[in-house]
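# Fold and geometry: a report
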Amino acid sequence: MWQYKADIPETHYQNQCVKNQCVRLLLQKLGAILFSYELKTDTMSFRLVRGGMQAREIGGFRRSLNAERRLMVHPDFLEQMIAFFSGQNTERDSFLLDMGNPPTGKYSWYKFVIEQENDEYGHLGTVRGVMWRTDRLHDAAKEGGRFRSELDSVTGVANENGLLKEADRFLAGEGKKDVNALVLVRLDCYGDLEKRLGKRGAETLLVRLCNSIGGKFRSGDVLAHLGEGAFAVFVRDVTSKPLLELNVKGIEAIFRPGNAEYGKYGMKCRITLAYSPEEGIRCRDLLNVARKKAPLL
């Protein structure tokens, strides 16, 4: 039967009004920002509670983050942020952002609470939520090391922690049933090279080597600099071991004396491989196996 308002206790409406008012007060106190992201159109819409809830829209959101709004997200969090709004990563709930208009690179910690909405085909279509500032980082350049615990400070690629985290996430998830590999590249007597070239010269060489080694693999594979002239690549979904070994020979070739770019340095390297799941189901296991196959002199 229909129930008229007069038949419902007045306290129901009073309680509802109190709840709504408390929510508004809380959002205002937090300085919260309401947002909605449409994956299909790549459109982000913001509403600042303290700004009168006026909508602010960013079209081409992903492209914009890599172009005119590149200072909006701290560089250590850019890829994670894009994955977050694409539904690929919901583990992280805090990011370093600059919500200024335009952003100037003065970052603050923002915490996120989201809900995801699927389209009629069951695919993620919209991400809605609330975010609010929890802490401020006035000068990210001075304290950048605090937020690069998974990145190598010299080369900018993953360090060992970053490699293990990224690889183990894949091995425990979508790559659990695949054949994956770890390629370990180590320079013999790297310390001698550093003495000849100097610290800055050796670091410049490491950056170049990252580009050369990483260029032999796919964009989804994880390249890491482990320190002391050692590199590792976690290779996802190896469909052909002979093809991977051919890529390894391509890496060996850049260290030969006749190589126009690197031959003059007289570097010698050792390259070893370990495969999952046959030689380990965690990246640490693969790394240990690869190290034991050819210990440094």
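Position labels on residues start from 1 in each chain and follow its written sequence. For this predicted model, a pLDDT threshold of at least 70 governs which residues receive local features, and a threshold of 80 or more governs which side-chain atom pairs are given and counted, while totals over whole chains, interfaces and linings are taken from all residues. Remark: hydrogens and water are excluded; side-chain values derive from all non-hydrogen atoms of the structure.

## As for the overall build of the protein
A helix here means a DSSP run of H or I that spans at least four residues, while a strand means a run of E at least two residues long, and both kinds are numbered starting from the N terminus. In terms of regular secondary structure, the protein is built from 7 helices and 10 strands. Taken over 297 residues, the protein has a buried fraction of 42%. Every residue pair with non-hydrogen atoms within 4.5 Å of one another is taken to be in contact. Of all intrachain contacts in the protein linking residues separated by at least 6 positions in sequence, the fraction that spans at least 24 positions is 55%. Here the accessible surface of atoms and residues is derived via Shrake-Rupley with a 1.4 Å probe, and residues count as covered only by protein chains that are part of the display. Accessible surface, the protein as shown: approximately 17,500 Å² in total, 51% of it carbon and sulfur. Buried means the residue's accessible area, taken with a 1.4 Å probe over protein chains only, is under 20% of the maximum for its type, while exposed means over 50%, and partly exposed covers the values in between.

## Things to note about the pattern of salt bridges
Salt bridges are defined as contacts in which a side-chain nitrogen from Lys or Arg sits within 4 Å of a carboxyl oxygen from Asp or Glu. Overall, the coordinates contain 14 salt bridges when judged by the stated rule. Here Asp188 makes a salt bridge to Arg270, at a shortest N to O gap of 3.1 Å. Of this pair, Asp188 sits in the loop between β7 (180–187) and α5 (190–214) while Arg270 sits in strand β10 (residues 269–276), and the two are 82 residues apart along the sequence. A salt bridge links Glu261 to Arg208; the shortest N-O distance between them is 3.7 Å. Taken as a pair, Glu261 in the loop between α6 (241–254) and β10 and Arg208 in helix α5 lie far apart in primary sequence, 53 residues in all. What you see here is one network of salt bridges that share partners, running through Glu160, Arg284 and Arg291.

## As for the confidence of the model for the protein
Per-residue confidence from the predictor is given as pLDDT, running between 0 and 100. Of the residues in the protein, 85% reach a pLDDT of 70 or more, and the chain-wide mean stands at 82. Here residues 1–8 is a poorly scored stretch, pLDDT under 50, and it has 3 contacts once near neighbours within four places are set aside; other chains count. The low-confidence segment residues 136–146, where pLDDT is below 50, has 15 contacts with residues more than four positions distant or belonging to other chains.

## Points about the sheet that holds strand β9 (residues 230–235)
For two strands to count as paired, DSSP must find a minimum of two bridges between them. Reading across from one edge, β8-β9-β7-β10 is the order of the 4 strands in this open sheet, with antiparallel pairing throughout. Lying at the two open borders of the sheet, with one neighbouring strand each, are β8 (222–227) and β10. Direction aside, the axes of adjacent strands within the sheet are offset by 20° on average. Inspection of the sheet shows β8 paired to β9 by 5 bridges, in the antiparallel sense. Throughout, an axis means a line fitted to C-alpha atoms (over the contacting stretch in the case of helices), and angles, computed between N-to-C directions, take values from 0 to 180 degrees.

## So, the pairing of strand β2 (residues 43–48)
The sheet contact formed by strand β1 (residues 33–38) and β2 spans 6 bridges and is antiparallel. Each bridged residue has a counterpart across the sheet, and for Leu34 the counterpart in β2 is Arg47. Note: β2 against strand β3 (residues 55–59), 5 bridges, orientation antiparallel. Directly across from Ser45, in β3, lies its bridge partner Glu57.

## Some details on the layout of surface pockets
Definitions used for this entry: grid spacing 1 Å over protein atoms alone; cavity, a set of points where a 1.4 Å probe fits but cannot get out; pocket, an open set with protein on both sides within 12 Å along at least 5 of 7 lines; lining residue, one with an atom within 4 Å of a point. Grid points are joined across faces, edges and corners, and a volume is the space filled by probe spheres set on the points. When its volume is computed, the second largest pocket comes out at roughly 200 Å³. Along its surface, the second largest pocket is lined by Lys29, Leu30, Gly31, Ala32, Ile33, Leu48, Val49, Arg50, Arg56, Met99, Tyr110 and Arg133. Residue composition of the lining of the second largest pocket, by class: 7 nonpolar, 1 polar and 4 charged. For this classification, Asp, Glu, Lys and Arg are treated as charged, while Ala, Val, Leu, Ile, Met, Phe, Trp, Tyr, Cys and Pro are nonpolar and the rest, including Gly, are polar.

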